[in-house]
Amino acid sequence: MISIAIDGPSGAGKSTLARRLAAELGYVYVDTGAMYRAIGLYALRQGADPADPDAVAALLPAIRLQLRCQAGAQRLSLNGEDVTEAVRAEQVGMAASAVSAHPAVRAFLLETQRGMARSQDVLMDGRDIGTVVLPNATLKVFLTAAPEARAARRLAELRAKGEPADPDTVLADILRRDEQDTHRAVAPLRQAPDAVLLDTTALDFEQSFAALKTLVQRAAAGQ
Ligand code: DC
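These numbers were taken from a predicted model, which means no experiment stands behind them. (Residues numbered from 1 in each chain as written. Predicted model: local features only at pLDDT ≥ 70, side-chain atom pairs only at ≥ 80, totals over all residues. Heavy atoms only, no water.)

Q: Mind showing me how you'd approach the side chain of Thr-200 here?
A: Take Thr-200: it is sitting in the loop between strand 8 (196-199) and helix 9 (205-221). Those residues in contact with Thr-200 that sit more than four places away from it in its chain are Ala-12, Leu-143, Thr-144, Ala-145, Arg-153 and Ser-208. (Helix = DSSP H or I, 4+ residues; strand = E, 2+ residues; numbered from the N terminus. Contact = heavy atoms within 4.5 Å.)

Q: What should I look at first to understand the pattern of salt bridges in this one?
A: A pair can form between side chains of opposite charge whenever their charged atoms are brought close. Enumeration according to the criterion identifies 16 salt bridges in this entry. A salt bridge links Arg-45 to Glu-81, with the shortest nitrogen-to-oxygen separation between them at 2.9 Å. With Arg-45 in helix 2 (residues 32-45) and Glu-81 in strand 5 (residues 81-82), this residue pair connects regions lying 36 residues apart in the sequence. Taking the relative accessible area as the measure of exposure, Arg-45 reaches 43% and is therefore partly exposed. (Salt bridge = Lys/Arg side-chain N within 4 Å of Asp/Glu carboxyl O. Buried < 20%, exposed > 50% of the residue type's maximum accessible area, 1.4 Å probe, protein only.)

Q: Help me understand the packing of aromatic side chains, please; the structure alone is not making it clear to me.
A: What characterises a pair of aromatic rings is the spacing of the ring centres plus the angle enclosed by the ring planes. The tally for this structure, following the rule as stated, stands at 1 aromatic pair. Relative to Phe-209, the ring of Phe-205 has its centre 6.4 Å away and its plane inclined at 20 degrees; by these criteria the two rings are stacked. Taken together, the residues Phe-205 and Phe-209, both in helix 9 and 4 residues apart, mark about one turn of the helix. The aromatic ring of Phe-209 is capped on one face by Arg-20, whose charged end is 3.8 Å from the ring centroid. (Phe/Tyr/Trp six-rings, centres within 6.5 Å; stacked < 30°, edge-to-face > 60°. Lys NZ or Arg CZ within 6 Å of the ring centre and 35° of its normal.)

Q: Looking at this structure, how should I read the sheet that holds strand 6 (residues 122-126)?
A: Two modes of strand pairing occur in sheets, parallel and antiparallel, and in both the strands are linked by backbone hydrogen bonds. The 5 strands are arranged 2-6-1-7-8 in an open sheet whose pairing can be described as parallel. Looking at which strands have only one partner, the edges of the open sheet turn out to be strand 2 (28-31) and strand 8. On average, each strand axis in the sheet is tilted by 20 degrees relative to the strand beside it, whichever way the strands run. With 5 bridges connecting them, strand 1 (residues 3-7) and strand 6 associate as parallel partners. Across the sheet, residue Ser-3 finds its bridge partner in strand 6, namely Val-122. Together, strand 1, strand 2, strand 6 and strand 7 (139-144) form the strand contacts of helix 1 (residues 14-25), whose direction differs from that of strand 6 by roughly 175 degrees. Across the sheet, helix 5 (residues 103-119) lies against strand 2 and strand 6, angled at about 155 degrees from strand 6, the strand it touches most. (Pairing = 2+ DSSP bridges. Axes fitted to C-alpha atoms, helices over the stretch in contact; angles between N-to-C directions.)

This is the structure:
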């Protein structure tokens with residue numbers, strides 16, 4: 001089995017790049033951030049504080065997550081409801097970052113994620129894929145870009161969707177999420193020692209895609 005682990009901070013373009021590359025190379029794309037987002041969404045809907053470890057842990061037994069591929073795209077359902085679009089909201093991203101700091105939440109998702117890589121070739125993205133989930137991945141990539149570059153991309157994305165966005169708020173949210181994701185005690189965001197660093201600050205989407213594709217193809221050929 002081939003497994004490609006792609007980690008990095010929010011807004012580095014991981015999921016857009018990984019989704020397209022997986023489709024092109026015939027791997028299953030696993031967006032682990034969406035799983036944390038579904039738990040964040042559930043906590044918000046239940047009126048629980050996403051930052052409260054006990055309150056969130058108490059919700060886990062009632063959560064059933066299902067990832068499936070439909071017409072080449074990954075759909076995520078939460079207790080039978082398709083939440084693929086709902087989990088993309090900004091507020092849900094912040095809740096996801098908060099719930100992802102709780103050990104019970106990470107343990108809840110770990111086996112599901114490992115199980116997916118056991119039976120099929122995967123391209124999995126997240127924060128701790130190379131360090132915790134798939135320590136023996138065929139290839140580990142740490143995909144990053146300067147916070148200002150990530151904020152500019154996020155702003156363009158929001159504006160393209162017609163959502164009003166303020167540049168300072170977008171940058172502040174990215175910095176806050178970086179801080180939360182890199183400073184938590186359990187499975188913090190960090191580059192695995194054997195990961196290849198891909199910094200896309202000065203690259204556009206097509207250049208980033210080409211660089212990532214070359215890395216993956218080389219690793220798969222060496223298998
Ligand atoms: O990649 P994303 O923005 O969809 O992820 C949402 C949050 O989930 C992010 O702030 C950190 C958390 N996350 C994590 O802790 N571990 C992962 N493997 C993936 C995401």
